Number of protein chains: 6
Amino acid sequence: MTDLVTLGEAMAVVTATEPGPLAPGKSTRLTFAGAEATVAIGVSRLGHRASWIGRVGTDAAGSMILDGLRAEGIDVSRVRREPSLPTGLMLRERRTADHTRSAYYRKDLAGSRLAPHDVDEELVASARLLHITGITPALGSTARRAVRHAVTVARAAGVTVSLDVNYRSLLWSKDDAATELGFLVRHADIVFAGPEEAQLLVEPAPPAPTAQALCSLGPRQAVVKLGAQGSLAAVDGNLLTQPRVPVTAVDPIGAGDAFVAGYLAAHLDGGTPAERLVTAAICGSFAVSVPGDWEGLPRQHELALLTGDDVIR
Amino acid sequence: MTDLVTLGEAMAVVTATEPGPLAPGKSTRLTFAGAEATVAIGVSRLGHRASWIGRVGTDAAGSMILDGLRAEGIDVSRVRREPSLPTGLMLRERRTADHTRSAYYRKDLAGSRLAPHDVDEELVASARLLHITGITPALGSTARRAVRHAVTVARAAGVTVSLDVNYRSLLWSKDDAATELGFLVRHADIVFAGPEEAQLLVEPAPPAPTAQALCSLGPRQAVVKLGAQGSLAAVDGNLLTQPRVPVTAVDPIGAGDAFVAGYLAAHLDGGTPAERLVTAAICGSFAVSVPGDWEGLPRQHELALLTGDDVIR
Amino acid sequence: MTDLVTLGEAMAVVTATEPGPLAPGKSTRLTFAGAEATVAIGVSRLGHRASWIGRVGTDAAGSMILDGLRAEGIDVSRVRREPSLPTGLMLRERRTADHTRSAYYRKDLAGSRLAPHDVDEELVASARLLHITGITPALGSTARRAVRHAVTVARAAGVTVSLDVNYRSLLWSKDDAATELGFLVRHADIVFAGPEEAQLLVEPAPPAPTAQALCSLGPRQAVVKLGAQGSLAAVDGNLLTQPRVPVTAVDPIGAGDAFVAGYLAAHLDGGTPAERLVTAAICGSFAVSVPGDWEGLPRQHELALLTGDDVIR
Amino acid sequence: MTDLVTLGEAMAVVTATEPGPLAPGKSTRLTFAGAEATVAIGVSRLGHRASWIGRVGTDAAGSMILDGLRAEGIDVSRVRREPSLPTGLMLRERRTADHTRSAYYRKDLAGSRLAPHDVDEELVASARLLHITGITPALGSTARRAVRHAVTVARAAGVTVSLDVNYRSLLWSKDDAATELGFLVRHADIVFAGPEEAQLLVEPAPPAPTAQALCSLGPRQAVVKLGAQGSLAAVDGNLLTQPRVPVTAVDPIGAGDAFVAGYLAAHLDGGTPAERLVTAAICGSFAVSVPGDWEGLPRQHELALLTGDDVIR
Amino acid sequence: MTDLVTLGEAMAVVTATEPGPLAPGKSTRLTFAGAEATVAIGVSRLGHRASWIGRVGTDAAGSMILDGLRAEGIDVSRVRREPSLPTGLMLRERRTADHTRSAYYRKDLAGSRLAPHDVDEELVASARLLHITGITPALGSTARRAVRHAVTVARAAGVTVSLDVNYRSLLWSKDDAATELGFLVRHADIVFAGPEEAQLLVEPAPPAPTAQALCSLGPRQAVVKLGAQGSLAAVDGNLLTQPRVPVTAVDPIGAGDAFVAGYLAAHLDGGTPAERLVTAAICGSFAVSVPGDWEGLPRQHELALLTGDDVIR
Amino acid sequence: MTDLVTLGEAMAVVTATEPGPLAPGKSTRLTFAGAEATVAIGVSRLGHRASWIGRVGTDAAGSMILDGLRAEGIDVSRVRREPSLPTGLMLRERRTADHTRSAYYRKDLAGSRLAPHDVDEELVASARLLHITGITPALGSTARRAVRHAVTVARAAGVTVSLDVNYRSLLWSKDDAATELGFLVRHADIVFAGPEEAQLLVEPAPPAPTAQALCSLGPRQAVVKLGAQGSLAAVDGNLLTQPRVPVTAVDPIGAGDAFVAGYLAAHLDGGTPAERLVTAAICGSFAVSVPGDWEGLPRQHELALLTGDDVIR
């Protein structure tokens with residue numbers, strides 16, 4: 001049994017340790033990343049059981065990813081390993097202190113082979129939440145079917161479906177994305193989107209009407225992620241806003257996924273909409289104040305660290 | 001005008017800085033590699049003009065490779081950049097202090113697009129040496145034709161052709177390799193091979209008859225690389241042996257290409273066969289005593305460093 | 001259900017990255033270690049289910065250890081966390097390239113609180129192997145009782161008991177150790193010892209009679225670890241020897257525990273005594289060829305790496 | 001002879017080099033720290049003779065601390081080395097870019113053995129300043145008596161006594177602290193406290209009345225450290241305020257001790273109260289703009305660096 | 001043929017990787033720097049051919065500099081190597097996060113030997129721009145004559161002359177500088193200066209009248225670099241201002257040279273004065289957002305990175 | 001009062017952390033070195049009081065050197081600081097794993113200004129040993145006079161004079177060296193030389209007659225350092241040999257000075273000639289098994305580490 005099931009691709013990540021163009025001899029650091037994996041880790045650190053479904057190679061990168069997820073308590077028993085394909089990889093240049101540029105090695109590699117039969121129906125049906133993103137269906141046709149299959153199973157079993165739009169223009173066109181995401185959002189209970197991403201689904205508008213328009217497509221909860229401006233949610237017809245929790249940011253990547261993890265963990269905890277947004281904001285700030293996409297995510301007892309009063313120690 | 005032309009693939013390389021399995025957070029270092037590029041660098045450092053032909057992406061890795069080759073004085077004016085494909089990449093796990101395992105990201109990427117029209121006929125015809133390896137024809141059918149085209153142009157212009165067998169079992173079968181390498185060796189003047197590689201072309205035998213058998217296929221110079229045992233050459237019917245130049249080895253990769261670079265540079269210098277083998281051995285030892293495939297290669301004035309007597313400074 | 005259960009202390013380890021006396025500003029690296037944890041990791045990497053029982057603090061070091069063990073697939077569900085005591089720590093000075101000196105922070109800290117009721121009787125009784133060391137009973141009186149309790153439960157359930165003598169002179173006197181280890185060895189089926197350690201239990205003698213004398217105390221398998229000289233075992237009355245598998249050693253610590261892990265994993269696989277010693281020797285060599293106590297341990301498919309012939313790639 | 005004598009505990013410090021939870025393989029750096037040692041270093045760098053009294057082990061950490069203090073010109077001739085106890089150690093997790101969490105290994109270790117007979121009466125009596133903190137009496141009963149003894153000797157000899165309240169809730173209760181600090185403040189000439197710390201001694205109030213209330217207990221100089229808000233002092237009945245000197249902060253730890261060092265050094269220089277606060281503020285800003293507690297402290301000729309006008313070089 | 005010729009000194013640079021006083025064991029990084037080399041690199045990265053004239057030693061530092069310049073596509077064919085003198089070197093202490101202090105090893109070393117006959121008259125006469133700085137004439141009398149010679153050749157050939165005042169008080173007195181720079185500015189078409197530097201040439205005044213006064217000395221373009229306040233230019237009698245492009249600054253050194261490179265590259269591109277200032281501002285911001293003087297400089301396709309709107313990827 | 005006085009130059013050292021040619025971005029590490037300083041540190045670590053006389057700049061490198069020497073307990077109270085000259089610096093390329101090449105920045109810098117009046121006559125006359133090397137007189141004419149002055153004062157006071165020939169061909173010719181070293185050896189009681197260095201003073205011969213010939217010039221103790229072959233000494237007419245103490249060597253530089261330090265420390269301890277050579281050999285081996293010239297030198301209680309039997313811990 002599990003609280004949250006998610007499915008997607010996780011890749012090795014090689015990141016320069018200092019800003020500047022890539023050059024021979026440059027120091028880099030290896031880790032892994034994946035939007036859905038980050039959500040699973042965040043939810044797990046906050047005390048819930050999470051399962052991640054995906055494919056990795058039998059190479060060292062694939063082992064690293066599975067070890068890393070296992071370290072976080074994630075159930076990876078449904079992951080398949082592809083003996084003949086490398087695990088995907090991302091090479092991140094920190095071009096300046098503020099700007100990162102990535103080259104992706106993922107096309108036709110292990111992660112893109114995700115297929116409907118990877119989706120353990122029993123696992124999905126017994127979970128409390130299914131979380132999907134707009135990245136997984138863009139990986140290829142079998143992955144797309146896998147996501148639809150997971151959604152179908154979840155809906156049939158009354159499992160709450162969460163969708164993060166997460167549009168990746170390198171993977172598919174806006175038209176393709178709009179079609180597929182249109183299907184998915186209609187079957188989702190919770191939807192997350194940035195302001196521009198939302199325009200794949202609804203008319204351009206300010207955050208509040210955007211959230212309301214997203215809800216009109218089906219979800220009862222729509223959250224617009226506004227980056228430095230915080231977030232805005234429409235939940236059961238009510239509008240809420242949440243400012244960013246201020247921290248020194250050292251790595252902006254992963255903030256959105258951390259935000260989703262916090263929201264969903266608070267949802268699993270039975271938190272109110274306002275509590276969900278607060279936890280989401282805290283998680284987003286933890287993520288950006290530590291290098292790496294998921295490494296900084298908080299455990300339950302750490303949530304107060306960013307917001308607590310300083311006390312005499 | 002140039003002394004040596006070579007063509008092939010150069011890739012970004014990410015190498016763990018310490019032995020051990022890949023793990024999240026592991027320190028790595030970025031550089032680039034490629035058998036033909038290593039030969040070009042080695043020949044250039046020893047005072048000759050070298051041109052490298054190949055394709056890289058328009059990504060940061062591609063720029064890094066071109067910058068790196070330019071730093072070494074290599075002519076890269078014939079390199080094409082592929083706007084839509086990433087530059088190849090190799091992820092090297094130093095599994096133990098002695099064993100490295102690599103995952104390759106090269107299939108269908110920029111380097112594999114090398115094609116016959118990338119071969120500048122005028123450049124090849126005006127060179128003194130064309131160096132090819134068994135890796136390039138294994139990259140794909142257009143690359144294979146490009147190598148054949150270069151060889152044909154060189155032969156017609158009386159340019160010496162050097163072939164390093166360099167068999168890569170991940171890229172093609174022994175049968176495919178034997179066929180193509182059989183064609184190439186017949187058009188080569190100089191051939192380099194390890195003992196096992198040689199068996200793609202000639203019957204299994206000890207090094208001396210192996211070298212002689214290789215010469216019987218066409219080349220007047222056949223060099224068998226024996227690793228720690230040094231090397232053996234058949235040149236114009238004469239047999240020569242050369243022991244390894246002893247050094248502390250910190251990274252064995254690249255030794256074979258460094259050896260070839262030393263041999264060819266001495267050849268361009270008009271050195272005797274024995275001098276070519278000595279320079280080759282020195283270059284091989286420089287390569288293994290420095291991390292990276294090509295970084296340790298010697299400049300002309302450094303050749304004496306490994307063999308010279310210690311003097312009072 | 002599990003294949004191997006072990007119990008002991010795991011500590012944070014801070015090791016200087018370069019040789020030399022400790023000095024302000026020196027680079028160090030953090031990891032964790034523990035003889036029993038290393039055995040559990042080694043057995044798990046070779047494909048068996050392993051459980052580790054012990055206590056760690058609720059501090060960051062304790063979380064690191066549990067994450068690290070979970071990453072390796074170790075069952076840590078029986079670990080207790082001590083809210084009021086820090087997790088033990090070892091500060092390792094690499095005084096020269098060959099000599100390490102450690103300061104221990106473990107006295108009266110979390111790990112020493114291990115107690116009999118931490119031993120899950122059902123888990124032990126259902127396992128195939130219980131592995132104990134001479135370190136755990138030296139941690140304190142409750143830990144000593146915990147080890148005896150585990151042994152008693154295992155014997156009653158017919159579970160094979162493995163004992164690594166692992167004498168630590170900083171923790172207890174030779175007399176105390178001889179008494180307690182005397183009790184334990186009489187209840188063990190497999191015993192591992194270095195030549196000097198063995199003298200706590202049997203008369204000084206060369207390795208072969210030492211092994212036989214150890215067997216006369218109860219165990220059917222006695223293995224004498226001889227470091228660079230390999231190992232010698234008496235198994236069911238037969239004597240076997242196994243040389244070291246040659247590698248470049250970069251960190252000798254952990255070799256003995258890796259050896260035990262290999263032996264026990266092969267035992268769980270149903271290997272012959274000779275196969276157990278070979279696997280043990282390979283694991284020991286993997287351990288010393290990678291920094292850290294357990295980081296270098298091999299997975300099943302990697303065992304051939306150190307002994308396999310080089311093949312053309 | 002010496003200008004300033006102080007006594008306390010100095011510990012090894014292991015700090016993660018990058019933000020994020022502790023994890024196996026994480027890079028760390030070793031140094032040492034101690035509130036009183038930081039004050040001694042700061043005063044010494046500004047040109048005065050300082051003596052530090054304390055106990056460290058005979059281990060490598062103890063040697064590192066003594067070497068480090070000697071490098072700074074501190075007189076450590078009265079330090080005793082405990083052969084049987086490790087030197088204390090602090091493991092610092094930089095949980096986020098802004099928040100540090102430390103685990104302490106100090107209980108019953110070498111530093112806590114400080115005792116009255118460690119206090120060289122002649123040295124104290126001949127000094128110009130005795131500096132004590134609220135940390136040392138919290139280390140244990142002999143340390144507490146040592147502090148009282150030092151204060152008694154100083155008072156008898158007319159030596160100025162400086163007290164930094166430095167309340168550490170991990171070491172003792174507020175009640176215990178209030179009692180002991182109450183005694184000490186009544187014998188002090190200068191007292192430093194944060195706003196919350198001051199409430200151990202006086203009624204809650206804004207900074208200005210707090211400083212005045214502290215003076216009513218005995219000291220003629222009371223300085224309230226306000227962090228980012230600078231500081232406020234009551235000196236001989238006059239109130240002064242001093243804003244923070246703006247810098248890029250990279251490590252907030254040690255700022256308070258650096259502030260004290262600057263104040264006391266200016267006091268030894270015969271500076272006016274305003275000059276003392278300025279030097280204090282500059283020292284605090286130096287400390288936070290360099291990693292480590294004391295490493296960034298300024299030498300006399302560097303004081304102008306933070307406040308000076310940029311000049312054409 | 002070349003677009004821009006410049007001449008000066010390039011030195012090895014050793015920079016501490018972390019803030020704090022220099023101490024034994026401190027991590028440092030090696031690179032090279034030189035105001036004119038930075039301008040050449042910046043102009044080359046933006047698509048123009050640049051030549052750098054200077055002298056370096058035959059030591060490893062000299063080779064490093066030439067390799068580095070070649071990597072950037074700079075023509076270094078006119079560089080002379082001094083066999084008997086080391087290449088200059090700068091040791092940079094990052095005293096705090098905000099303040100760097102350098103020790104220079106350049107007096108009477110290779111770079112200072114630049115002489116008039118190093119100036120390839122044909123190369124200068126065929127260029128579109130000659131760029132000089134106030135550093136080169138301060139290196140010594142032959143270097144001073146070399147600069148005058150280059151200016152004379154350029155003027156005679158109708159080549160645009162650009163002068164960056166770049167006053168270095170360590171190298172010469174204000175009087176000497178004023179005399180020589182007075183000569184140079186009268187022969188320049190473009191002049192760059194900071195507000196204080198400008199006072200070597202014109203009366204103290206606010207930026208606008210300063211720029212106009214500089215133009216009255218001869219140049220048709222005068223640019224006053226105002227650091228965080230951006231820049232102001234007088235071009236053909238018109239005044240323009242340009243704010244700084246906001247970025248996270250990690251290394252302020254090199255910003256002024258980067259600014260000049262951007263201005264001159266846009267000039268070579270035929271940009272309007274406003275376009276030149278924008279490109280200049282962008283280049284300055286790239287430089288400060290990456291460690292090193294020149295490493296962060298942008299390529300043509302990267303210019304939009306700092307100013308572009310974030311797009312969905 | 002002091003046990004040993006020495007005088008010479010100490011320089012900042014920048015060393016590449018990994019083998020390979022210098023390249024932009026290469027990681028380096030800063031420390032300091034100097035033959036006489038190494039001897040002083042070695043003697044101090046072994047329990048004797050040592051004074052070092054020399055000049056350093058007022059720059060950060062000079063402060064680093066003085067802090068470093070003070071950390072080692074060396075008396076630096078006679079060191080003068082040169083306000084207008086930088087401290088010398090050495091840039092060390094580790095060209096391969098086995099070969100280091102250094103560029104020196106020392107000519108006319110602070111250290112070369114050592115002069116006779118820097119020699120505190122009272123300090124020298126009250127010492128037990130004066131140690132000089134052939135490097136210091138090669139720094140310049142005032143330094144040469146300073147060495148002669150120190151020797152004269154020592155001889156007059158009956159202080160034992162130790163001379164390490166330490167010929168540096170970059171600093172002076174063999175003829176100049178032979179003349180000056182001829183003078184010094186005639187006034188020395190102990191002389192150290194390598195086999196080739198000895199030929200500056202005596203006829204070429206094998207080690208034993210070389211040592212005897214050196215003694216015929218005046219010294220009663222002559223030690224020939226033979227590197228990997230150990231050492232040979234003639235003491236009061238008796239010949240002794242000492243093999244090298246085997247260790248893993250990671251940095252050969254400094255071994256000779258460490259050897260001298262060990263010999264002199266044992267001499268101060270009243271050790272026999274054989275004991276002096278053993279201590280010398282141990283110190284040499286400590287030095288090479290740690291990076292840096294002096295960092296690895298042993299303290300008294302560590303001497304047994306390299307030669308002691310391994311014990312059960």
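This text follows the structure it describes.
The structure reproduced in this document is the subject of the present report. (Residues numbered from 1 in each chain as written. Chains lettered and ligands numbered in written order. Predicted model: local features only at pLDDT ≥ 70, side-chain atom pairs only at ≥ 80, totals over all residues. Heavy atoms only, no water.)

### Section: the overall build of chain A
Operational definition: Runs of H or I in DSSP of at least four residues are treated as helices and runs of E of at least two as strands, each being numbered from the N terminus. The globule rule used here is 2.2 Å times the number of residues to the 0.38 power, and the radius of gyration it is set against is calculated over C-alpha atoms. Only protein chains enter the accessibility calculation, which uses a 1.4 Å probe; a residue whose area is less than 20% of its type maximum is buried, one above 50% is exposed, and one in between is partly exposed. We call two residues in contact when some of their heavy atoms are within 4.5 Å. Two residue types count as positive, namely Lys and Arg, and two as negative, namely Asp and Glu; His and chain ends fall outside the count. Throughout, a charge is located at the NZ atom of Lys, the CZ atom of Arg, the CG atom of Asp or the CD atom of Glu.
Tallying secondary structure elements over chain A gives nine helices and 14 strands in all. Here the C-alpha atoms of chain A give a radius of gyration of 18 Å, agreeing with the 20 Å that 2.2 N^0.38 yields for 313 residues. Principal-axis analysis of the C-alpha atoms gives chain A an extent of 55 × 55 × 40 Å. A buried classification covers 63% of the 313 residues belonging to chain A. Look at the contacts in chain A between residues 6 or more apart in sequence, and 70% of them connect residues 24 or more apart. A distance of 3 Å separates the average location of the 30 positive side-chain charges in chain A from that of its 34 negative side-chain charges.

### Quick look at the interface of chain A and chain B
This is how it is decided: Summed over both partners, the accessible surface that disappears when two parts come together, traced with a 1.4 Å probe, is what is meant by buried area. In what follows, salt bridge is the name for a side-chain nitrogen of Lys or Arg lying within 4 Å of a carboxyl oxygen of Asp or Glu. Counted as a polar contact is a pair of N or O atoms within 3.5 Å, where, for protein atoms, one must be capable of donating a hydrogen and the other of accepting one, and residues adjacent in sequence contribute only when both atoms are in side chains. Lys, Arg, Asp and Glu make up the charged group, whereas Ala, Val, Leu, Ile, Met, Phe, Trp, Tyr, Cys and Pro make up the nonpolar group; the residues left over, Gly among them, are polar. Note on pairing: two strands pair once DSSP finds at least 2 bridges between them.
Taken residue by residue, the interface counts 27 residues in chain A and 27 residues in chain B. Between chain A and chain B the total buried area reaches about 2000 Å² when both faces are included, carbon and sulfur atoms providing 70% of it. Of all residues in chain A, the largest losses of buried area upon contact with chain B belong to A:Pro24, A:Leu30 and A:Tyr105, amounting jointly to 29% of the total for that side. Where chain A touches chain B, the interface holds zero salt bridges. In this structure, the connection of chain A to chain B is made through nine residue pairs in polar contact (both at pLDDT 80 or more). Mapped onto the side of chain A that touches chain B, the elements with two or more residues apiece are strand S3 (27-33), helix H2 (60-71), strand S7 (89-94) and strand S8 (100-105) of chain A. No other element matches the six residues that S3(A) contributes to the side of chain A that touches chain B. Of the residues assigned to the side of chain A that touches chain B, the class counts are 16 nonpolar, seven polar and four charged. For S3(A) and strand S3 (residues 27-33) of chain B, the ladder comprises three bridges, and the chain directions are antiparallel. Its bridge partner being in S3(B), A:Ser27 is matched across the sheet by B:Arg29.

### Focus on helix H5 (residues 174-186) of chain F
Residue and element names in this part refer to chain F. Rules: The span expected for a helix works out to 1.5 Å for each residue beyond the first.
Helix length check: H5 (13 residues) gives 18 Å between terminal C-alpha atoms against 18 Å at 1.5 Å per residue, within 8%. Regarding H5, the residues found buried are Ala177, Glu180, Leu181, Gly182, Phe183, Leu184 and Val185. Elements that come into contact with the buried residues of H5 comprise strand S9 (129-133), helix H4 (141-157), strand S10 (160-164) and strand S11 (190-193).

### Examining helix H4 (residues 141-157) of chain B
Residue and element names in this part refer to chain B. The following threshold applies: Each C-beta atom gives one direction from the helix axis, and the arc is the one those directions make.
Helix length check: H4, at 17 residues, gives a terminal C-alpha distance of 24 Å against a target of 24 Å (1.5 Å per residue), a fit within 8%. Regarding H4, the residues found buried are Ala143, Ala146, Val147, Ala150, Val151, Val153 and Ala154. Angularly, the buried residues of H4 cover 165 degrees about the axis, an arc narrow enough to put them on a single face. Elements that come into contact with the buried residues of H4 comprise strand S1 (4-7), helix H3 (121-126), strand S9 (129-133), strand S10 (160-164) and helix H5 (174-186). Backbone geometry just after H4 places glycine 158 at a positive phi near 75 degrees.

### Considerations on the arrangement of the chains
For chain B and chain D, which are not in contact, the least C-alpha distance works out to 7 Å. Nowhere do chain C and chain E come into contact; their C-alpha atoms are at least 7 Å apart.

### Details of the relation of the copies chain A and chain B
Heads up, the rule is: Least-squares superposition of the copies uses the C-alpha atoms of those residues scoring a pLDDT of at least 70 in each of them.
Structural alignment of chain A on chain B gives an RMSD of 0.0 Å, achieved by rotating through 180 degrees and translating 0.0 Å along the axis. Expressed as an axis order, the relation between the two copies is that of a two-fold axis. Closest to the rotation axis within chain A is the C-alpha of A:Thr28, separated from it by 2.5 Å. Both copies present the same face, since 100% of the interface residues in chain A are matched by interface residues at the equivalent positions in chain B.

### Examining the interface of chain C and chain F
With 17 residues of chain C in contact, the opposing surface of chain F contributes 21 residues. Broken down residue by residue, the surface that chain C buries against chain F is led by C:Glu18, C:Arg95 and C:His99, which jointly contribute 31%. There are three salt bridges connecting chain C and chain F. Note that F:Glu302 and C:Arg95 form a salt bridge whose closest N and O atoms lie 2.9 Å from each other. At the junction of chain C with chain F, the criterion picks out eight residue pairs in polar contact (both at pLDDT 80 or more). Taken together, the elements giving at least two residues each to the side of chain C that touches chain F come down to strand S8 (100-105) and helix H6 (195-198) of chain C. Taken together, the residues of the side of chain C that touches chain F sort by class into five nonpolar, five polar and seven charged.

### Examining the sheet that holds strand S8 (residues 100-105) of chain F
Note on sheets: strands pair through backbone hydrogen bonds, and any given pair is parallel or antiparallel. Convention followed: Angular values range over 0 to 180 degrees, each being the angle between N-to-C directions of two axes fitted as lines to C-alpha atoms, with helices fitted over their stretch in contact.
Spatial ordering of the open sheet is given by S8(E)-S7(E)-S2(E)-S3(E)-S3(F)-S2(F)-S7(F)-S8(F), a layout of eight strands whose pairing is mixed. Each having just a single partner strand, strand S8 (100-105) of chain E together with S8 of chain F make up the two edges of the open sheet. Averaged over all adjacent pairs, the angle separating strand axes in this sheet is 30 degrees, with direction ignored. Direction of pairing for strand S2 (residues 11-16) of chain E relative to strand S3 (residues 27-33) of chain E: antiparallel, over a ladder of six bridges. Within S3(E), the residue paired with E:Met11 across the bridge is E:Ala33. Of the strands in this sheet, strand S7 (89-94) of chain E together with strand S2 (11-16) and strand S3 (27-33) of chain F are in contact with helix H2 (residues 60-71) of chain F, which crosses S3(F) at around 65 degrees.

### Digging into the relation of the copies chain C and chain F
When chain C is brought onto chain F, the operation consists of a screw motion whose angular component is 120 degrees and whose axial shift is 0.0 Å, with 0.0 Å RMSD remaining. The symmetry that links the two subunits is that of a three-fold axis.

### Some remarks on the pattern of salt bridges
According to the stated counting rule, one finds 126 salt bridges over all chains in the structure shown. A salt bridge links B:Arg155 to B:Asp189; the nearest nitrogen and oxygen atoms lie 3.4 Å apart. Of this pair, B:Arg155 sits in helix H4 while B:Asp189 sits in the loop between H5 and strand S11 (190-193); the two residues are 34 residues apart in sequence, bridging distant segments of the chain. Residue B:Arg155 is classed as partly exposed on the basis of its relative accessible area, which comes to 38%. A residue is classified by how much of its surface remains accessible, and B:Asp189, at 25% relative accessible area, is partly exposed. Among the ionic pairs, E:Arg78 bridges to E:Asp75, the shortest N-O distance being 3.1 Å. On the basis of relative accessible area, E:Asp75 is assigned to the partly exposed category, the value being 24%. Put simply, A:Arg55, A:Arg80, A:Glu82 and A:Asp118 are held in one network by salt bridges that share partners.

### Looking at the packing of helix H4 (residues 141-157) of chain C against helix H5 (residues 174-186) of chain C
Residues and elements named next belong to chain C. The cut-off we apply is this: In these notes the angle categories are as follows: under 35 degrees is roughly parallel, over 145 is roughly antiparallel, 65 to 115 is roughly perpendicular, and the rest is oblique. For any helix crossing, the convention is left-handed if the near helix is rotated counterclockwise from the far helix by under a right angle, and right-handed if that rotation is clockwise.
For the pair H4 and H5, the least separation of the axes is 10 Å and the interaxial angle reads 15 degrees. When the axes of H4 and H5 are compared, the pair comes out roughly parallel. H4 and H5 meet at a crossing whose hand is left-handed. In this structure, H4 contributes Arg144, Val147, Arg148, Val151 and Arg155 to the contact, and H5 contributes Glu180, Phe183, Leu184 and Arg186. Here the contact of H4 with H5 is composed, by residue class, of four nonpolar, no polar and five charged.

### What to know about the side chain of E:Ser289
Secondary-structure assignment places E:Ser289 in the segment after helix H9 (273-288). Dropping the residues within four chain positions of it, E:Ser289 is found in contact with A:Pro19, A:Thr96, A:Ala97, E:Val247, E:Thr248 and E:Val250.

### Structural notes on the environment of C:Met11
Residues and elements named next belong to chain C. Turning to its location among the elements, methionine 11 is positioned in strand S2 (residues 11-16). Here methionine 11 falls in the buried class, since its relative accessible area comes to 2%. Other than its neighbours up to four places away in sequence, methionine 11 contacts Thr31, Phe32, Ala33, Ile65, Gly88, Leu89, Met90, Tyr104, Tyr105 and Arg106.

### Regarding the packing of aromatic side chains
Threshold: Side-chain rings of Phe, Tyr and Trp, where Trp is taken by its six-membered ring, are said to pair if the distance between their centres is within 6.5 Å; with planes under 30 degrees apart they count as stacked, over 60 as edge-to-face, and otherwise as tilted.
This structure, assessed with the given rule, holds 15 aromatic pairs over all chains. Taken together, a centroid distance of 5.7 Å and an interplanar angle of 55 degrees make the contact between A:Tyr105 and B:Tyr105 tilted. Separated into two different chains, A:Tyr105 in strand S8 and B:Tyr105 in strand S8 (residues 100-105) make up a pair that spans both. Assigned by exposure class, A:Tyr105 and B:Tyr105 land together as buried. Each ring, one from A:Phe192 and one from A:Tyr263, has its centre 5.2 Å from the other, and the planes form 90 degrees; the classification is edge-to-face. Of this pair, A:Phe192 sits in strand S11 (residues 190-193) while A:Tyr263 is found in helix H8 (residues 255-268), placing the two residues 71 residues apart along the sequence.

What is shown is where atoms sit, not what they do.
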